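So the chains spell out like this:
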Amino acid sequence: MCLLMHPTGELSVSERVSELAGNVARFAALLRRTGISIGTGQVLDSVRALAAVGVERRDDVFWALHAALIRRREDHPLFVEAFELFFRDPHALSQTLAMLLPMTTFPDPSIKHSRRLDEAHGSQRNRPAQPAKPKSELIEISVVPSDIELDRRLDFEQMSAAEIDAANRAIARLPLVWKRQNTRRLGPNSRGARIDRRRSLRQSATVPGSIRLVYAAPQKRPPPLVILIDVSESMERYSRIFLHFAHAVSNARRRVHTFVFGTKLTNITRSLRHRDIDQALADVGNRTPGARGGTRIATSLHAFNRDWARRTLGGGAQVLFFSDGLERDGEYSLDFEADRLRRFAGQLTWLNPLLRYRGFQPSAAGIRALLPHVDDFLPIHNMQSLIDLTVALGQ
Amino acid sequence: MRSRRSVKLLVESVDEVGSLLESGDYVCDRALATTLFLALRLQRPILLEGEPGVGKTEVARVVATALGRRLIRLQCYEGLDVASAVYEWNYPRQMMEIRLAESKGGQDRATLERDIFSERFLIKRPLLEALSCAPGELAPVLLIDELDRTDDPFEAFLLEILSDFQISIPELGTIRASEPPIVIVTSNRTREIHDALKRRCLYHWLDAPDAEREIEILARKAPAASTELRRQIVGFVQRLRQRDLFKPPGVSESIDWATAIVALDQLALTNENIHATLGVVLKYQDDLRKVRGAAAAEILADVFADAPHR
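1. Remarks on the interface of chain A and chain B
Argument step 1. Taken together, the contacts link 44 residues of chain A with 48 residues of chain B.
Argument step 2. Counting each side, the surface lost to burial between chain A and chain B is near 4,500 Å², with a carbon and sulfur contribution of 52%.
Argument step 3. On the chain A side of the contact with chain B, Arg71, Arg185 and Arg198 of chain A bury the most area, a combined 16% of that side's loss.
Argument step 4. Summed over the shared surface of chain A and chain B, the result is 12 salt bridges.
Argument step 5. Asp152 of chain B is paired through a salt bridge with Arg254 of chain A; the nearest N and O atoms lie 3.1 Å apart.
Argument step 6. In this assembly, chain A and chain B are joined by 19 residue pairs in polar contact (both at pLDDT 80 or more).
Argument step 7. Of all elements in the fold, only α2 (40–53), α3 (58–69), β1 (181–188), α8 (197–205), α11 (297–307), α12 (309–312) and α13 (334–344) of chain A reach the threshold of two or more residues within the side of chain A that touches chain B.
Argument step 8. The class makeup of the residues in the side of chain A that touches chain B is 15 nonpolar, 8 polar and 21 charged.

2. Side note on the sheet that holds strand β6 (residues 265–267) of chain A
Residues and elements named next belong to chain A.
Argument step 1. Reading across from one edge, β6-β5-β4-β7-β8-β9 is the order of the 6 strands in this open sheet, with mixed pairing throughout. One side of each edge strand has no neighbouring strand; the edge strands of this open sheet are β6 and β9 (376–378). On average, adjacent strands in this sheet sit at an angle of 20° to one another, irrespective of strand direction.
Argument step 2. Pairing of strand β8 (residues 347–351) with β9 involves 3 bridges; the strand directions are parallel. Of the residues in β9, the one forming a bridge with Leu351 is Leu378.

3. Here's the deal with the sheet that holds strand β2 (residues 194–195) of chain A
Residues and elements named next belong to chain A.
Argument step 1. The strand order across the open sheet built from 3 strands is β1-β3-β2, with neighbouring strands paired in antiparallel fashion. Edge positions in the open sheet fall to β1 and β2, since each of these has one partner strand only.
Argument step 2. Here β1 runs beside strand β3 (residues 215–221); their pairing, made up of 5 bridges, is antiparallel. Looking at β3, one finds that Gln181 is bridged to Arg221.

4. Points about the pattern of salt bridges
Argument step 1. For the structure on display, the rule yields 50 salt bridges over all chains.
Argument step 2. The salt bridge partner of Glu236 of chain A is Arg240 of chain A, with a shortest N-O separation of 2.7 Å. Taken together, the residues Glu236 of chain A and Arg240 of chain A, both in helix α9 (residues 236–252) and 4 residues apart, mark about one turn of the helix.
Argument step 3. For Glu236 of chain A, a relative accessible area of 41% corresponds to the partly exposed category.
Argument step 4. For Arg240 of chain A, a relative accessible area of 48% puts it in the partly exposed group.
Argument step 5. In this structure, Glu331 of chain A engages Arg296 of chain A in a salt bridge whose closest nitrogen and oxygen atoms are separated by 3.3 Å. Of the two residues, Glu331 of chain A sits in the loop between β7 (318–322) and α13 while Arg296 of chain A sits in the loop between α10 (277–287) and α11, which places them 35 residues apart along the sequence.
Argument step 6. Judged by relative accessible area, which is 51%, Glu331 of chain A ranks as exposed.
Argument step 7. Residue classification places Arg296 of chain A among the partly exposed residues on the basis of a relative accessible area of 28%.
Argument step 8. Connected through shared salt-bridge partners, Arg72, Glu74, Asp75 and Arg311 of chain A together with Glu49, Arg189, Glu192 and Lys198 of chain B make up one network.

5. With respect to the confidence of the model for chain B
All names here are of chain B.
Argument step 1. Averaged over all residues, the pLDDT of chain B equals 88, while 96% of them reach at least 70.
Argument step 2. Throughout residues 1–7 the model reports pLDDT below 50, and contacts reaching past four residues in sequence, or to other chains, amount to 12 contacts.
Argument step 3. The ipTM for the predicted assembly is 0.72, set against a pTM of 0.73.

6. A closer look at the packing of helix α11 (residues 227–242) of chain B against helix α12 (residues 251–263) of chain B
All names here are of chain B.
Argument step 1. In the contact formed by α11 and α12, the axes pass within 10 Å of each other and the chain directions differ by 140°. By the angle between their directions, the pair α11 and α12 is classed as oblique. The two elements α11 and α12 cross, and the hand of that crossing is right-handed. Across from Leu229, Ile233, Phe236, Val237 and Arg241 in α11, the residues of α12 making contact are Val251, Ser254, Trp257, Ala258, Ile261 and Val262.

Calculation criteria
Residues numbered from 1 in each chain as written. Chains lettered and ligands numbered in written order. Predicted model: local features only at pLDDT ≥ 70, side-chain atom pairs only at ≥ 80, totals over all residues. Heavy atoms only, no water. Contact = heavy atoms within 4.5 Å. Buried area = accessible area lost by both parts, 1.4 Å probe. Salt bridge = Lys/Arg side-chain N within 4 Å of Asp/Glu carboxyl O. Polar contact = N/O pair within 3.5 Å; in protein donor to acceptor, adjacent residues only side chain to side chain. Helix = DSSP H or I, 4+ residues; strand = E, 2+ residues; numbered from the N terminus. Nonpolar A, V, L, I, M, F, W, Y, C, P; charged D, E, K, R; others polar. Pairing = 2+ DSSP bridges. Axes fitted to C-alpha atoms, helices over the stretch in contact; angles between N-to-C directions. Buried < 20%, exposed > 50% of the residue type's maximum accessible area, 1.4 Å probe, protein only. pLDDT = per-residue confidence, 0-100. Parallel < 35°, antiparallel > 145°, perpendicular 65-115°, else oblique. Left-handed = near helix turned anticlockwise from the far one by under 90°.

Spelled out as structure tokens, the structure:
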């Protein structure tokens, strides 16, 4: 839709302003379709920002929109591309005031754009039809959680599709208790050791002649939890079930971060926050690259240590590391990265499905490198081991 | 929706903000100047995120000095609560008052309570101080430093304050700011700030500057260093940032390094003084081990090769 010039060549001020607001709203809609979440208030802010800054300079417009619409650093590259795409005409600003011409021709396929942006900018017709998801049948399961119709000792790898389904449902219902540790906030507690001066005084001021002491103790809450899941081919069956577990955990408590890795590390915390497990897993599938090639544990741990460790492991975090430990890596030292991870985390628990073999001996180099650095080395091949894990997490 | 007061035109344009900051010896790029301008104009808080050492706290200081306002600083830490951030009652004095009133006798309960919970016994902490400037006085600059070190409950509380700019103290009533302070929030990104709080603010990510700007920063902040030394240091540090280090050096590390070399009475970088002072630039043992020795010599050779030939 081109901006039509009035026959006399001039647009009235109000027309220009509403045109500007309309373009900004369309730009925000484009950004939303790429996955950046933008509230209505932010769109209003961006119009106000443009009004304050003026539209003479292109970089002023860029930064004004950026300040109002972008809230995370990761969205910056997408914003840059979207801006280039949307406000492409470079001469617009030098011609007349407030002439922002959004080009809606489709992008030149020879120019590399991000996939997300292309999907957002393409029309409805071009989007492939989503296959209809089969509605899951409502199956009655007996209410007592420990009595769900499945054999707890049956290995996941040997389960049929129906049994896996039952296992997933059981996982969604697992009772989860978390160990609690002290925080630095005091809360009223009759058995506390410290005196809460504020409350004591409040109660005493109304009863002259006595000071009644109220005691306080540090409040408790569970430490942050970080889950690292190896999704390479050798682990496929187990990692899918473990993702269900991670989803249940993410929806049961706060301060959980989940990452998957194979050849590279991806943060899927937000995907798992969707209440609906199917939607969550679909989102995860979209965001992770295909698991081809061998696992590169050391590279992924290096990426985690460098980019995420300081942000997610504050305050004595528990880390669940889910992998068979078999890797094909040469670039980074697994020993070094595991050591560093251990130093950041309060507790590092390694969950390895290979422990289902009774005579398991750690002989692979990767396993031997990791083993000295973990606090707990647990199996994870059947329902019973998952239940044991939840018990261990609660202590 | 609350109505906004008419905006006091503190600054007219983005250029003016840029020159204001320059007058305080803060060299910034146009992006930051634009965001700051919008924060002042639209009266919104600004959230500055970035690695430690890129000059986030410094912005607040310079803005306060340049606009002639008080700087009120709230340093965040885990467990920060209302008593340390907003207000606290002066308990010892209050208890004395109670004992005195009791020994004197003849004062009824209501008067005593009113007396005890009056402004006389109120200790104002940074947030309350920022909100209680007298009408006619210029609103201060409120710096909330390292917000990522607090926890969720405090963030929720802060969100409330930043939306309404008022605090209600149960015993006293609501204290409203006659003019909202200029709020600058910084974060080192060791934790994600809650979305709701981020939406309230204008966001800006502060990156390490490019070579040209960093040389200018050093010219203002480490004037004792010679032009050549500045060029060498910036060249070295810029190359260090390209490497895969655990914690790449920020601007404050460059400034510290220049000052250190000058303090050692040296005029240029040599392999020896690099070896001695690298701890000023890199703070992690692993990074030091990676760079010291061969890698440092290599980078230094590159820097010399780049020297402009006169």
